[in-house]
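One letter stands for each residue in the lines below.
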Amino acid sequence: MANDTTRPNNKQSIDNLKTSGFERRMSIAKTSLNIGRRWAGNSVSGMFLDKKARSARNQVFMEAQANYVAEELGKLKGSVVKIGQMLAMYGEHVLPPEITRALQTLNDDTATLAWPKIEQTLRRTLGDKLDELEVNPVPIGTASLAQVHRATIIATGEDVVLKIQYPGVADAIDSDLALFKRLLKVSNAVPQTRALDTWFEEIRDLLHVEVDYTIEAATTERFYQRLQDDARYVVPKINRNYSSKYLLCMSYESGVSITSESLQVLSHERRNAIGQAAIEIMMQEIFVWGEMQTDPNFGNYLIRIADTEDQQDKLVLLDFGAIRQFDNHLLTIAHGLLRAGYHHDHEAMKQAMTGYDFFYSMSEKVNSDIAALFLLATEPFSDPATNPDIPTNCLDENQRYVWANSKLHSRISATAQRAMQSLEFNLPPKEFMFISRKFIGAYTFLTVLDAHTNSDKLVKPFL
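Since the structure is predicted, the reported quantities are computational estimates derived from the model, not experimental observations. (Residues numbered from 1 in each chain as written. Predicted model: local features only at pLDDT ≥ 70, side-chain atom pairs only at ≥ 80, totals over all residues. Heavy atoms only, no water.)

**Remarks on the nonpolar core**
Across soluble globular proteins, nonpolar side chains show a tendency to be buried alongside one another.
Next, step 1: If you look at the biggest cluster of nonpolar residues, it comprises 64 residues, and the most contacted ones within it are Leu-317, Phe-381 and Phe-445.
Next, step 2: Broken down by element, this core gets its largest block of residues, 10 residues, from helix H10 (residues 268-289).
Next, step 3: Residues contacting Leu-317, with those up to four places away along its chain left out, are Leu-227, Tyr-233, Val-234, Val-235, Pro-236, Ile-281, Asn-300 and Tyr-301.
Next, step 4: By size, the runner-up hydrophobic cluster in this structure holds 17 residues, among which are Leu-113, Val-135, Ile-164 and Val-169. (Core = buried A, V, L, I, M, F, W, Y, C linked by side-chain atoms within 4.5 Å. Buried < 20%, exposed > 50% of the residue type's maximum accessible area, 1.4 Å probe, protein only. Helix = DSSP H or I, 4+ residues; strand = E, 2+ residues; numbered from the N terminus. Contact = heavy atoms within 4.5 Å.)

Right, here's the structure in full:
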């Protein structure tokens, strides 16, 4: 969660949030009522259409319903928006595409909470300690659960940032989840299945962790220790004196966003180095530390551009709230999948796909199709010498992978769609979905950067 530090903030400000259970229930109830009326009107007006026309009409109507739901949810900050974002990110195999597309429009970058309310929250949290800080009332970043303000510690002159959780959002998580499920049910847009219930349970657990800033502070400190001697990365330093369960104080770290024009004028080799660092940190998270930042949002990263060519450009890692831990069982499977992908070995990939009922429940044909899908997904991490399926325009003269030419996301989606059409296909384990989404985020990051990466450097340390 961050803004390009070169940009001013000119977002609309609001004086209050609908954080009470009553206000949120009223807002959702109004939306539900309108949805019910729309469904009734659509059903009556479609009674005399033939099957084909009715199907086409329902498709258009479903799209409109989904967009209406997303628009109404977007008016509420807090976990309702976060739930929608998480479902859009991880639930594409559970939700209809119309709902997924609509939920993807939910944006953190919304109106800011006015300074008097934020100041009141800070005073309640810090007491007299607030007088030790000079806080800029204009936020530098907003999200569904919190907003970020720059501040100075008056005694030392140190620049810090305060991640301030919106009042009431932590207490509203369980009721927001129930309201969200009810809204989806009323909309008739989503089958009420056990798979959907499982995802909501997962989202509940993740959100309760994400709103506890004592957990995020400890995680940030672990990553700070791990990376403090690697010049390619910057992790903010936590200031415990001004931190609490709902407030996080950390060192201010400057940088520009991944979409900044100032990155595009860097030499290609410098952009390659930034891209290599971005994907290497993900490999470390999965295969060394067993815990991964699962939110691939661009706002969680900044780039600190060096002043000269011979200095080190740095990747600034900002947000450690959405951390997911993986057990040794999963990591053993992931190692096997990576090894099979590196060697582009279809049979080895099938052998590596063990340990979950998801794999055991499939026939040989579907199992083989999923193995082919995994081989495609691991294409950027494969050895060009053993993978003849890499398109020729996806390797540069140094045999590095050219992400921007790969169209990998659309190729994976097309292959996955064919595999999922089988009646035997079940929802993949949640852990695989998290890792999958992280890789898709990395793909987008490296494509925007137009980075070329070396698979040997990425994979060999973990084989």
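The rest of the description comes next.
**A look at the confidence of the model for the protein chain**
Next, step 1: For the protein chain, the average pLDDT comes to 79, and 70% of its residues sit at 70 or higher.
Next, step 2: Within the protein chain, no element has a lower average pLDDT than helix H1 (residues 21-45), which sits at 48, and none a higher one than strand E3 (residues 133-135), at 98.
Next, step 3: The model gives residues 2-10 a pLDDT under 50, and that stretch makes 25 contacts with residues more than four places away or in other chains. (pLDDT = per-residue confidence, 0-100.)

**Here we look at the pattern of salt bridges**
Next, step 1: The tally for this structure, following the rule as stated, stands at 18 salt bridges.
Next, step 2: For Glu-291, the salt bridge goes to Arg-222, with nearest N and O atoms at 2.9 Å. Of this pair, Glu-291 sits in strand E9 (residues 291-293) while Arg-222 sits in helix H8 (residues 213-227); the two residues are 69 residues apart in sequence, bridging distant segments of the chain.
Next, step 3: For Glu-291, the salt bridge goes to Arg-226, with nearest N and O atoms at 2.8 Å. Here Glu-291, found in strand E9, pairs with Arg-226, found in helix H8; they are 65 residues apart in sequence, far enough to count as distant.
Next, step 4: In this structure, a network of salt bridges that share partners links the residues Lys-163, Glu-216 and Asp-319. (Salt bridge = Lys/Arg side-chain N within 4 Å of Asp/Glu carboxyl O.)

**As for H10**
Next, step 1: Taking 1.5 Å of rise per residue, 22 residues should cover 32 Å, and H10 covers 30 Å from first to last C-alpha, within 8% of that figure.
Next, step 2: Burial within H10 is extensive, with 17 of its 22 residues counted as buried.
Next, step 3: A positive backbone phi angle near 70° is found at Gly-290, which sits one or two residues after H10. (Expected span 1.5 Å × (residues − 1).)

**Quick look at the environment of Ala-231**
Next, step 1: For Ala-231, the position within the fold is in the loop between H8 and strand E7 (233-234).
Next, step 2: C-alpha of Ala-231 to C-alpha of Asp-313: the two residues are 82 residues apart in sequence and 8.6 Å apart in space.
Next, step 3: Every residue in contact with Ala-231, bar those within four places of it in the chain, is listed here: Gln-312 and Lys-314.

**A few points about H8**
Next, step 1: Counted at 1.5 Å a residue, the expected span for H8 with its 15 residues is 21 Å, and the 21 Å between its end C-alpha atoms agrees.
Next, step 2: All of the buried residues in H8 are Tyr-213, Glu-216, Ala-217, Thr-219, Thr-220, Phe-223 and Leu-227. Down the axis of H8, the sector holding all buried residues measures 165°, keeping them to one side. (Arc of directions from axis to C-beta.)

**Observations regarding the pairing of strand E6 (residues 158-165)**
Next, step 1: For E6, the tally of buried residues reaches six of eight residues, placing the bulk of the element in the interior.
Next, step 2: Bridge count for strand E5 (residues 146-153) against E6 is eight bridges, and the pairing is antiparallel. Each bridged residue has a counterpart across the sheet, and for Arg-150 the counterpart in E6 is Val-161.
Next, step 3: In sequence, E5 turns back onto E6 through a hairpin of four residues, with Gly-157 there showing a positive phi of about 80°.
Next, step 4: One ladder, built from five bridges, connects E6 with strand E8 (residues 247-251); its direction is antiparallel. Across the sheet, residue Lys-163 finds its bridge partner in E8, namely Leu-248. (Pairing = 2+ DSSP bridges.)

**Notes on the environment of Ala-377**
Next, step 1: Following the sequence through the fold, Ala-377 ends up in helix H14 (residues 364-377).
Next, step 2: Once the C-alpha coordinates of Ala-377 and Phe-439 are considered, the two residues, 62 residues apart in sequence, prove to be 8.7 Å apart.

**Concerning the sheet that holds strand E11 (residues 314-317)**
Next, step 1: Here we have three strands laid out as an open sheet, ordered E7-E11-E10, and mixed in their pairing. Edge strands, defined here as strands with exactly one partner in the open sheet, are E7 and strand E10 (301-304).
Next, step 2: Pairing of E10 with E11 involves four bridges; the strand directions are antiparallel. By the bridge assignment for E11, Arg-304 is matched with Lys-314.

**Let's talk about unusual backbone geometry**
Next, step 1: A positive phi angle is found at His-344, which is not glycine, with a value near 50°.
Next, step 2: Relative to the helices and strands, His-344 resides in the loop between helix H11 (328-343) and helix H12 (346-352).
Next, step 3: Its relative accessible area of 17% is what places His-344 among the buried residues.
Next, step 4: If you check the backbone angles, Asp-450 has positive phi at about 55° while not being a glycine.
Next, step 5: As for its placement among the helices and strands, Asp-450 is situated in the loop between helix H17 (430-449) and strand E14 (452-453).
Next, step 6: A relative accessible area of 28% means that Asp-450 is categorised as partly exposed.

**Topic: the pairing of E5**
Next, step 1: Among the eight residues of E5, six are classified as buried, and the element is accordingly described as predominantly covered.
Next, step 2: As paired elements, E3 and E5 share three bridges and run antiparallel to each other. Within the sheet, the bridge partner assigned to Leu-133 lies in E5 and is Ile-153.
Next, step 3: Looking at chain direction, strand E4 (residues 141-142) and E5 are connected through two bridges and run antiparallel. When the bridges of E5 are listed, Thr-142 appears paired with Gln-147.
Next, step 4: Between E4 and E5, which follow one another and run antiparallel, lie three residues.

**Some points on the packing of H8 against H10**
Next, step 1: Viewed as axis vectors pointing N to C, H8 and H10 meet at an angle of 105°, and their least axial separation amounts to 13 Å. In terms of their interaxial angle, H8 and H10 are classed as roughly perpendicular. Contacts from Phe-223, Arg-226 and Leu-227 of H8 reach H10 at Ile-281, Glu-285 and Trp-289.
Next, step 2: Here the residues of the contact of H8 with H10 sort into four nonpolar, no polar and two charged. (Axes fitted to C-alpha atoms, helices over the stretch in contact; angles between N-to-C directions. Parallel < 35°, antiparallel > 145°, perpendicular 65-115°, else oblique. Nonpolar A, V, L, I, M, F, W, Y, C, P; charged D, E, K, R; others polar.)

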